[in-house]
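Topology and contacts: notes
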Amino acid sequence: MKRLFRLATPLAVLSLAICCQARATEPQTTGTELDFTVTGEAHAAPTLLTVRLFGRADSASAIEAQKTLNAHMAEAMKMASGVSGIEAQAGSYSLSDQTPEHGPTRWTARQDLSLSGKDAVSLLDLSGKLQSHGLMMDGLDWSLDSETRETLLRQARTQALQKVRQEADESARTLGLHVVRLKQVRVSSMEPGPRPVMLMAARAASDSFTPPQGTPQEQTLRVTVSVEAELAP
């Protein structure tokens, strides 16, 4: 029993020494902490126009309402596929009924259609033709295509990061200190959503339709960098 007791004592001392040594090597913050935020911006004209349309058909028969709508949408998709540089996507589909107090039930079938492209002239011309074939306009949105968006985000991020060290040094000098290190740097971005366009009303003639007009507005992307810096005398 004495031998076991004598072996346990050095192990306990060794464990305590290692623990104390590990704590001694941990970095200790003795300086002043400074939290600040900088923002970078990049601007560009929108590059992508999206036109929102919808088809609608009414009938006393649910089947007939759907057949009519399906035929209209198939024709619209065919017309859109023939225009280069325009992406057409058929959207949500719904079928609803309405029964008045006096009269038979009426069924309404509806489906959304979106057209997107960089060539606004061709896009608006196509949307006018589709309205002449029975579709209705739901709205216009200007936005940025993915490639342009990524380029602007990089520009805004670079601008914000370039401000970080300058802001830290200026703040430190004002306080009579200097920057020891940047402890944490967090980057976040704020992107604008699609901007709706006010539509100009237009009447359809018997053989033509005046396409709507859409004026693009500048898009601004912002990148925010939040920094935690350590200052010392």
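Up top is the structure these notes are about.
The shown structure was predicted, so the numbers you read here are calculated from the model rather than taken from an experiment. (Residues numbered from 1 in each chain as written. Predicted model: local features only at pLDDT ≥ 70, side-chain atom pairs only at ≥ 80, totals over all residues. Heavy atoms only, no water.)

Glancing now at a nonpolar patch on the surface. A surface patch of nonpolar side chains, amounting to about 290 Å² of accessible area, comprises Leu161, Leu182, Val185 and Val187. With 3 residues, strand β6 (residues 178-190) is the largest single contributor of residues to the nonpolar patch. The topology assignment puts Val185 in strand β6. Residue class for Val185 comes out partly exposed when judged on its relative accessible area of 42%. (Patch = residues over 30% accessible without salt bridge, like charges linked within 9 Å, V, L, I, M, F, W, Y side chains within 5 Å. Areas by Shrake-Rupley, 256 points an atom, 1.4 Å probe, with all protein chains shown as cover. Salt bridge = Lys/Arg side-chain N within 4 Å of Asp/Glu carboxyl O. Helix = DSSP H or I, 4+ residues; strand = E, 2+ residues; numbered from the N terminus. Buried < 20%, exposed > 50% of the residue type's maximum accessible area, 1.4 Å probe, protein only.)

Moving on, we come to the nonpolar core. By size, the foremost hydrophobic cluster in this structure holds 22 residues, and its most contacted members are Leu49, Val51, Leu53, Leu113, Leu115 and Leu130. Those elements that provide at least two residues to this core are β2 (48-59), α2 (62-81), β4 (106-117), α3 (120-132) and β5 (136-143). The contacts of Leu130, once residues within four sequence positions are left out, are Leu53, Ala76, Met79, Leu113, Leu115 and Leu135. Residues Leu34, Phe36, Ala172 and Val227 belong to the second largest nonpolar core, which totals 13 residues. (Core = buried A, V, L, I, M, F, W, Y, C linked by side-chain atoms within 4.5 Å. Contact = heavy atoms within 4.5 Å.)

Considering the arrangement of structural elements, one finds Glu228 in strand β8 (residues 219-232). The class for Glu228 is buried, based on a relative accessible area of 15%. Leave out the neighbours within four places in its chain, and Glu228 touches Glu33, Leu34, Asp35, Leu182, Lys183 and Gln184.

In space, the 3 strands of this open sheet follow the order β1-β8-β6, with antiparallel pairing throughout. Each edge of the sheet is formed by a strand with only one pairing partner; in this case those strands are β1 (32-44) and β6. The sheet shows a mean angle of 20° between the axes of neighbouring strands, direction not considered. Where β1 and β8 come together, 13 bridges link them in antiparallel fashion. Residue pairing for β8: Leu34 is matched across the bridge by Ala229. Packed onto the sheet, helix α4 (residues 146-174) meets β1, β6 and β8 and runs at close to 150° relative to β1. (Pairing = 2+ DSSP bridges. Axes fitted to C-alpha atoms, helices over the stretch in contact; angles between N-to-C directions.)

With that settled, consider the environment of Arg186. Take Arg186: it is sitting in strand β6. On the basis of relative accessibility, which here comes to 43%, the residue Arg186 falls in the partly exposed class. With 39 residues separating them in the primary sequence, Arg186 and Val225 have C-alpha atoms 5.5 Å apart. Apart from the residues within four sequence positions on either side, Arg186 is in contact with Thr224, Val225 and Ser226. A distance of 2.5 Å separates the side chain of Arg186 from the side chain of Gln184, its partner in a polar contact. (Polar contact = N/O pair within 3.5 Å; in protein donor to acceptor, adjacent residues only side chain to side chain.)

Scanning the model with the defined rule gives 11 salt bridges in all. Across the salt bridge formed by Asp125 and Lys129, the nearest N and O atoms sit 3.3 Å from each other. Pair noted here: Asp125 and Lys129 are both in helix α3, with a separation of 4 residues, about one helical turn. For Asp125, a relative accessible area of 36% puts it in the partly exposed group. Lys129 sits in the partly exposed class, given a relative accessible area of 43%.

Moving on, we come to the environment of Asp112. Relative to the helices and strands, Asp112 resides in strand β4. Between the alpha carbons of Asp112 and Ala90 there is a distance of 6.0 Å; along the sequence they are 22 residues apart. Every residue in contact with Asp112, bar those within four places of it in the chain, is listed here: Leu53, Phe54, Met73, Gln89, Ala90, Gly91 and Ser92. A distance of 3.5 Å separates polar atoms of two side chains, one belonging to Asp112 and the other to Arg110.

Before going further, it helps to spend a moment on the environment of Gly139. Following the sequence through the fold, Gly139 ends up in strand β5. According to the relative accessible area criterion, Gly139 is buried, its value standing at 5%. Placed 86 residues apart in sequence, Gly139 and Leu53 show a C-alpha to C-alpha distance of 7.2 Å.

Between its terminal C-alpha atoms α3 stretches 18 Å, which fits the 18 Å expected from 13 residues at 1.5 Å a residue. For α3, the full list of buried residues reads Ala120, Leu123, Leu124, Leu126, Ser127, Gly128, Leu130 and Gln131. Against the buried residues of α3 lie β2, α2, β3 (86-98), β4 and β5. The N-cap residue of α3 is Asp119: its side-chain oxygen and the backbone nitrogen of Val121 are 3.2 Å apart. After α3 finishes, the residue Gly134 shows a positive phi value of roughly 110°. (Expected span 1.5 Å × (residues − 1).)

Function cannot be read off these values alone, since they describe shape.
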